[in-house]
Amino acid sequence: MDNQEKITSNQLMAIMISLLIGIGIMSLPRTVTEAAGPDGWLLVPAGGVIVIITSVIISKLGLLFPGKTVVEYAGDVITKPLGLIFLLGLFVYFVIFCAFEARVLAEVTKQFLLDRTPTEALVITILLACAYLVRQDIATIGRMGEMLVPVFVIPTFLFLLPVIPQMDLTNLLPFMRTPPLKFLTGIGTTVTSFLGFETLLLFHPFMARPRDATKAMVTSLAAVTFMYTLVVIATMATFGMVGVQRIIWPAFSMYRVITVPGAFIENVHGVMMAIWVVAVYTTLAVFFFAAVILLSRLLGLKEHSFIVLPLAFLIYFLALVPGNISQVYSYLDAFSVYMGVPLCFILPVFIFIVARVRGMGDERGKGHEKYPKKGT
Amino acid sequence: MKSILKRALNALLIVTLVFSVTGCWDRVEINDRIFVLALGIDKFEPGQDGQDEEGDEGPEGVQQPGASPRNRIVVSIVFPNVGLLKGEGAIVPEEPKAAVSTVGPTIFEAMRQFNTRLLGNIFLGHIKAILVGEELVSDEKLFLEVLDELERDHEIARDVDLMVVKGSAKDALFIKPLVEPIIGNYIEQIVEQRRTGRFHSKDLGQIATSIREVGGAPIPRMLVGENELKIAGTGIVKDYKLRGWLGEIETRAAQWVDNTAGEDVISVDISGILVPFELTELKRRMKVWRDEFGDIHLDIKLEAEGNIEGHILEVHRDVMEQSFIREVEAAVNRDMVAQCRAVMNKMQHVFGVDIWDIGDYIRKFHPDIWDDVKDNWTEEFTRMKVHIAANAKVRRVGIIK
């Protein structure tokens, strides 16, 4: 562990923001509106709160086992076989998630920009670009995050401004008329768009100052929640409740209505598309990195870079499994609910509870004294 | 030696990458693009321009299309002659724009047929206006198919203006306008200047959403002249097809109710003299309430401001007099209320279409009422009691007394 490079709290925040903003944001306005109608936008902060609580638990879990990733302590806490099943499940989940990211990226770029480029070419290109990054260590990924987060966060806000004249905020009315039960089940669909925060299970020991992880997680998740909420509100205000539900990627279509007055070239959505590709790239790279780290630790490897390319091929083939866009999304929904929710919410919390009940770990955080405080 | 080999390998790698990675399947040179500026879609009527049973596809005028199940719609496009605008090419085409038309089963199959005679890649991303023919909108099935195709295509923006043409959309695209030669821009500029309330603007996304939601929508109407186009009036779609028209004056009143009216001039009768009143500002307030019998009431209040623009030269009454101004205000109020009431009556009792999305307003602001009426809103709309009032204020009278 000591020979690994460490990441600062800012880098963890950058990793989390770049990780969470990916394929989900483009269809999020549709899914929340389908779930709760005009109150859909409220599901986002509600889901965000649940995710923040879970991430705090995960970072507390990390503090119990200083310097260890989930790979090392899961077996100790919930017995070896159960731990192994959990870790393998997590690995499969990361790999499949990468495949979905690559596939949805390919589908959207094919739909809007590159109709004739084969899906295979798009998937290979993005996977190779990611593989190049994933062969490096976590500090490189952290620096990449710090560099790229402004690239897609700033334009997302900036390009909302010209849409404002088209917005009709009364589309968000009536307020809080959704039946509570429907609202609660709706939160279930929203939390899946925050999937990715669970990589903290692996990244925690890489922190230069592990105690800062909780704060960094809360800040970055709150920022993402804010951004999601804003995009959802803007999209619903632009298209209305019924309009949003009909559009497959409403957030894109919203950026499509921007016209720069007087200019012949008036479709800003091409720029937005390119920016979104960057956002998906970072998401894919971090998930890929998590999968690689998990597998290399599980196999007890000293060096992770050589399993990157074989894994890239696995992801490539998985990405091409769904036959069409409708299958992509029905698989993705099933995957997020049946794999994402248990692996990222239920099991980490369960492990934390078991660890506390069994009185395991380094409760007072004594272990952290091994890691002298560095300037961040 | 080793480093030379390594360098050579690197150089080879770079060269290979330059040739292999930059390949792009989707490259289209900008001068190979046909930038469609306006798209017209009509229902195909066999025999409309002389009939020939033989040719079922192809350019009209070369081969006359006949009656065939494949001939369902006429698709026409207008695009600028980029060669002329650039001033390039061996032979510069004379016309600044070109319009072509074909017959086909669906919009996009028809589009492909253009590739048998046009040079370039037809690009719909810059469409300024979509015109649909009257006959097409009267055919429920075709109209819904066309709307879906237009909305589904990723190149066509959702905020492009959609209009229904009285007559055929093809005719509208083939004229040579006097003022602005390129038809798409022509239509867009008329819509954007909004100097009158005689037409309203609705875009593709709004119309498609509204038709999907309630089965009806008001669509701006276009009239075609010899060498000009006129946007005025409204086509009313109900239950997925065109049911009738609102005239220009009715459209203006409908927009007052809708709170979307731009500036305009209304001439009111003051003891036999028509006084033009320039409407500079108009606000509408709307209130929905339910009385003890369960009837729904709609209060509409118009707050208008404007200027007197004319009287009569022989001065028998001073325009600066307060009493005269009161009289003008009262006349404006009377006329506006009468016009709004007329159009409201027509919508409630002739067409039965809620073109103002009052249902949507109730859903947003009075969800309790909405829960009771949403299942048969159309009927409730026709039964709704409407109270219209206007309050006009004269602010200026021109530069003579």
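Residues numbered from 1 in each chain as written. Chains lettered and ligands numbered in written order. Predicted model: local features only at pLDDT ≥ 70, side-chain atom pairs only at ≥ 80, totals over all residues. Heavy atoms only, no water.

Caption draft 1: Representation of the overall build of chain B in the model. Of the regular secondary structure elements, chain B holds 13 helices and 14 strands. In chain B, which comprises 401 residues, the share counted as buried stands at 48%. Considering only residue pairs separated by 6 or more positions, chain B has 70% of its internal contacts joining residues 24 or more positions apart. Surface summary for chain B: the accessible area is close to 19800 Å², and the carbon and sulfur share equals 52%. (Helix = DSSP H or I, 4+ residues; strand = E, 2+ residues; numbered from the N terminus. Buried < 20%, exposed > 50% of the residue type's maximum accessible area, 1.4 Å probe, protein only. Contact = heavy atoms within 4.5 Å. Areas by Shrake-Rupley, 256 points an atom, 1.4 Å probe, with all protein chains shown as cover.)

Caption draft 2: View of the overall build of chain A. Tallying secondary structure elements over chain A gives 14 helices and zero strands in all. Put simply, chain A runs from its N terminus to its C terminus through helices and strands in the order α-α-α-α-α-α-α-α-α-α-α-α-α-α. Buried positions account for 60% of the 376 residues belonging to chain A. Counting only carbon and sulfur atoms, one obtains 68% of the accessible surface of chain A, whose full area is about 15000 Å².

Caption draft 3: The packing of aromatic side chains, seen in detail. According to the stated counting rule, one finds 22 aromatic pairs over all chains in the structure shown. Look at Tyr93(A) and Phe94(A): their rings are 5.5 Å apart centre to centre, the planes differ by 50 degrees, and that puts the pair in the tilted class. You'll find Tyr93(A) and Phe94(A) in the same group, each marked buried. One aromatic cluster is present, formed by Tyr93(A), Phe94(A), Phe97(A), Phe100(A), Phe287(A) and Phe335(A) through successive ring pairs. The ring centre of Phe123(B) lies 4.0 Å from the NZ or CZ of Arg33(B), which sits over that ring. The ring of Phe174(B) has Lys170(B) sitting right over it, with the charged end atom 5.6 Å from the ring centre. (Phe/Tyr/Trp six-rings, centres within 6.5 Å; stacked < 30°, edge-to-face > 60°. Lys NZ or Arg CZ within 6 Å of the ring centre and 35° of its normal.)

Caption draft 4: Broad picture of the sheet that holds strand 10 (residues 241–246) of chain B. All names here are of chain B. Strand order in the open sheet formed by eight strands is 4-3-2-6-7-8-9-10, and the pairing between neighbours is mixed. Each end of this open sheet is capped by a strand with a single partner; those strands are strand 4 (97–104) and strand 10. Adjacent strand axes in the sheet meet at a mean angle of 30 degrees, parallel and antiparallel pairs treated alike. Sheet topology note: the strand 6 (residues 129–133)/strand 7 (residues 161–166) ladder contains five bridges and is parallel. Across the sheet, the residue bridging to Leu131 is Met163, located in strand 7. Each of strand 2 (38–43), strand 3 (73–80) and strand 4 touches helix 3 (residues 107–114); the most contacted strand, strand 4, lies at about 125 degrees to it. Lying on the sheet, helix 5 (residues 140–152) is in contact with strand 2, strand 3, strand 6, strand 7, strand 8 (217–224), strand 9 (229–238) and strand 10; it crosses strand 2 at an angle near 160 degrees. (Pairing = 2+ DSSP bridges. Axes fitted to C-alpha atoms, helices over the stretch in contact; angles between N-to-C directions.)

Caption draft 5: Region of interest: the pattern of salt bridges. Taken as a whole and judged by the stated rule, the model has 28 salt bridges over all chains. Salt-bridge contacts for Arg326(B) lead to Glu329(B); the nearest nitrogen and oxygen are separated by 3.1 Å. With a gap of three residues between them, Arg326(B) and Glu329(B) both fall in helix 10 (residues 322–351), about one helical turn apart. When its relative accessible area of 7% is taken as the criterion, Glu329(B) is described as buried. For Arg363(B), the salt bridge is made with Asp360(B), and the minimal N-O distance between the two is 3.2 Å. With Arg363(B) and Asp360(B) both in helix 11 (residues 358–365), this residue pair falls three residues apart, about one helical turn. Taken together, the shared-partner salt bridges in this structure form one network comprising Asp168(A), Asp360(B), Arg363(B) and Lys364(B). (Salt bridge = Lys/Arg side-chain N within 4 Å of Asp/Glu carboxyl O.)

Caption draft 6: Region of interest: the nonpolar core. Val70(A), Tyr93(A), Trp276(A) and Phe288(A) are the most contacted members of the largest nonpolar core, which totals 141 residues. It is helix 12 (residues 269–298) of chain A that contributes the most residues to this core, 19 residues altogether. Setting aside chain neighbours within four positions, we find Val70(A) in contact with Phe86(A), Leu87(A), Leu90(A), Leu201(A) and Leu202(A). Of all hydrophobic cores here, the second largest spans 53 residues; its members include Leu302(B), Ala304(B), Val337(B) and Ile388(B). (Core = buried A, V, L, I, M, F, W, Y, C linked by side-chain atoms within 4.5 Å.)

Caption draft 7: A look at the interface of chain A and chain B. Chain A puts 31 residues into the contact, and the matching count from chain B is 25 residues. A combined buried area of about 2400 Å² lies between chain A and chain B, and 51% of that area is made up of carbon and sulfur atoms. At the surface where chain A touches chain B, the tally comes to two salt bridges. Close ionic contact of Asp168(A) with Lys364(B) constitutes a salt bridge, the shortest N to O distance being 3.8 Å. Taken together, the elements giving at least two residues each to the side of chain A that touches chain B come down to helix 5 (80–112), helix 10 (213–246) and helix 11 (250–256) of chain A. Examining the composition of the side of chain A that touches chain B, we find that five residues originate from one element, helix 10 of chain A, more than from any other. Counted by class, the side of chain A that touches chain B contains 15 nonpolar, nine polar and seven charged residues. (Buried area = accessible area lost by both parts, 1.4 Å probe. Nonpolar A, V, L, I, M, F, W, Y, C, P; charged D, E, K, R; others polar.)

Caption draft 8: The arrangement of the side chain of Thr190(A) in detail. All names here are of chain A. Within the fold, Thr190 resides in helix 8 (residues 180–191). On the basis of relative accessible area, Thr190 is assigned to the buried category, the value being 0%. Here the side chain of Thr190 touches Gly186 through a polar contact of 3.0 Å, landing on its backbone oxygen. When sequence neighbours within four positions are dropped, the list of residues in contact with Thr190 reads Leu28, Val32, Leu43 and Val44. (Polar contact = N/O pair within 3.5 Å; in protein donor to acceptor, adjacent residues only side chain to side chain.)

Caption draft 9: Highlighting the environment of Ser305(A). Residues and elements named next belong to chain A. Structurally, the position occupied by Ser305 is in the loop between helix 12 and helix 13 (308–319). Given a relative accessible area of 12%, Ser305 falls into the buried group. For Ser305 and Gly83, which are 222 residues apart along the polypeptide, the C-alpha to C-alpha distance reads 25 Å.

Caption draft 10: The state of the cysteines, seen in detail. All names here are of chain A. Summed over all chains, the structure comprises zero disulfides over all chains. Not part of a disulfide, Cys130 finds its nearest cysteine sulfur in Cys98, a span of 7.7 Å. By relative accessible area, Cys130 is classed as buried at 0%. (Disulfide = S-S within 2.5 Å.)

Caption draft 11: Quick look at the packing of helix 5 of chain A against helix 14 (residues 325–357) of chain A. Residue and element names in this part refer to chain A. For the pair helix 5 and helix 14, the least separation of the axes is 10 Å and the interaxial angle reads 145 degrees. For the element pair helix 5 and helix 14, the recorded crossing hand is left-handed. Touching Phe86, Gly89, Leu90, Val92, Tyr93, Ile96, Phe97, Phe100, Arg103, Val104 and Glu107 of helix 5 are Ile325, Val328, Tyr329, Tyr331, Leu332, Phe335, Met339, Gly340, Leu343, Cys344, Leu347 and Ile351, all from helix 14. (Left-handed = near helix turned anticlockwise from the far one by under 90°.)

Caption draft 12: Just the confidence of the model for chain B, in detail. Residues and elements named next belong to chain B. On average, residues of chain B score 82 in pLDDT, and 89% of them reach the 70 mark or higher. Between residues 50–59, whose pLDDT stays under 50, and residues either more than four places distant or in other chains, the model counts 23 contacts. This complex was scored by the predictor with a pTM of 0.85 and an ipTM of 0.80. (pLDDT = per-residue confidence, 0-100.)

Caption draft 13: Region of the structure containing the environment of Gly244(B). Residues and elements named next belong to chain B. Note that Gly244 resides in strand 10. Residue Gly244 is classed as buried on the basis of its relative accessible area of 13%. Beyond its immediate chain neighbours, meaning those up to four positions away, Gly244 contacts Thr234, Gly235, Ile236 and Phe351.

Caption draft 14: Spatial organisation of the domain arrangement of chain B. Residues and elements named next belong to chain B. Under the domain assignment used here, chain B contains domain 1 (30–246) and domain 2 (252–396). At the junction of the two partners, domain 1 supplies 17 residues and domain 2 supplies 16 residues. The junction of domain 1 with domain 2 conceals about 1300 Å² of combined surface from both sides, 53% of it contributed by carbon and sulfur atoms. Area buried by domain 1 at its contact with domain 2 is led by Arg194, Gly197 and Leu246, which between them contribute 33% of it. (Domains from an automatic or database assignment.)

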